[in-house]
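Summary of the model geometry
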Amino acid sequence: MKILVTGGTGFIGSALINALKQHDVTVLSRDPAKASQNLGSRINAVASLDPFDNLDDFDAIINLAGEPIINKRWSPQQKKKICHSRWGLTEQLVAKIQAGSQPPHTFISGSAVGIYGDQKDTVIDESFAISDHVNHDDFAHHVCQRWEDIALEAESEQTRVCLLRTGIVLGKHGGALAKMLPPYQLGLGGPIGNGSQYTPWIHLQDMVDAIVFLLETPAAKGAFNLTAPEPVTNKVFSQTLAKSLHRPHIFFTPAFVLKLALGEAASLLLEGQRAIPSKLEALGYNFRYRTIDVALGDIASA
């Protein structure tokens, strides 16, 4: 296939590019030279969508680009950046898909479990009635809902749309776990707040494999929870991480400390979603890492 990928130099994107070796891949990047250097010369890197009147030359689009949502406090300026980096590019892609006569057959676009808001210990699959149960002032929900609504405008008889409602992606060399490892390695790790909030997680390998699975499964469309089948509470996650690193588990981070440090963005760590991947499994995807102990054990030994 000829595939256009956005966000290809990121933590998930670079691992995905590696899994798409048999395909003809074009990556949209602000720095094409650096992208080619990092991802290999077989990748065609472009700086802009402007040269394309439409996207008829591509069989599929995988849209993973977006400003990291947890790295900084949510100032009004940062919120604007988070939104624009997702909505603006997705609008561009949709417009280019709609402009063609033979558009890509598949558009896979990012989202996150944050669309569900804080749902305590309620088990959530893709049939969850979001509009009935979510506080619409919740920023993460607002970002994801609009992002999904824009992406779905690309849907037609010729193009199917898959939305990736992603949990915390676990891998050693990037993402959330890379930031968490240092304190745990020093024996300073522990739960966040009271630790009862659910942590919907997925191993990087399953994240990549699931995207490829959706790409290659014509029946797949709509929203998918990209989360492992067995979400755990933050306390269990924390205990398992400490155990996999052979470190003590005696400290905890009080909620007020996180709120002081991160402001409104602390909600991403203090709230949670017990999200399960019902649609992925129903289509026949088999998770390589179903349980948190196996996933973290693999990463710790890497």
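Residues numbered from 1 in each chain as written. Predicted model: local features only at pLDDT ≥ 70, side-chain atom pairs only at ≥ 80, totals over all residues. Heavy atoms only, no water.

Below, the discussion takes up the UniProt feature "domain: NAD-dependent epimerase/dehydratase" (unreviewed entry) in the chain. Taking the numbering used here, the UniProt-annotated feature "domain: NAD-dependent epimerase/dehydratase" (unreviewed entry) corresponds to residues 3-225. The distance separating the terminal C-alpha atoms of residues 3-225 is 22 Å; by composition the span is 36% helix and 20% strand. (UniProt positions renumbered as here; feature names shortened; annotations may be inferred. Helix = DSSP H or I, 4+ residues; strand = E, 2+ residues; numbered from the N terminus.)

Per the UniProt annotation, the sites labelled "domain: DUF1731" (unreviewed entry) are residues 253-299. Annotated as 53% helix and 4% strand, the span residues 253-299 places its first and last C-alpha atoms 23 Å apart.

As a further point, take the packing of helix 1 (residues 11-19) against helix 7 (residues 204-215). Two elements in contact, helix 1 and helix 7, have axes separated by 9 Å at closest approach and are oriented at 60 degrees. The orientation of helix 1 relative to helix 7 falls into the category oblique. For the pair helix 1 and helix 7, the crossing hand works out as right-handed. Taken together, the residues of helix 7 that come into contact with helix 1 (itself represented by Phe11, Ile12, Ala15, Leu16 and Ala19) are Leu204, Met207, Val208, Ile211 and Val212. Across the contact of helix 1 with helix 7, the residue classes break down as ten nonpolar, no polar and no charged. (Axes fitted to C-alpha atoms, helices over the stretch in contact; angles between N-to-C directions. Parallel < 35°, antiparallel > 145°, perpendicular 65-115°, else oblique. Left-handed = near helix turned anticlockwise from the far one by under 90°. Contact = heavy atoms within 4.5 Å. Nonpolar A, V, L, I, M, F, W, Y, C, P; charged D, E, K, R; others polar.)

Taken together, the side chains of Leu186, Leu188, Ile250 and Phe251 make up a nonpolar region of the molecular surface, amounting to roughly 450 Å² of accessible area. Relative to the assigned elements, Leu186 resides in the loop between helix 6 (175-185) and strand 9 (198-199). The class for Leu186 is exposed, based on a relative accessible area of 66%. (Patch = residues over 30% accessible without salt bridge, like charges linked within 9 Å, V, L, I, M, F, W, Y side chains within 5 Å. Areas by Shrake-Rupley, 256 points an atom, 1.4 Å probe, with all protein chains shown as cover. Salt bridge = Lys/Arg side-chain N within 4 Å of Asp/Glu carboxyl O. Buried < 20%, exposed > 50% of the residue type's maximum accessible area, 1.4 Å probe, protein only.)

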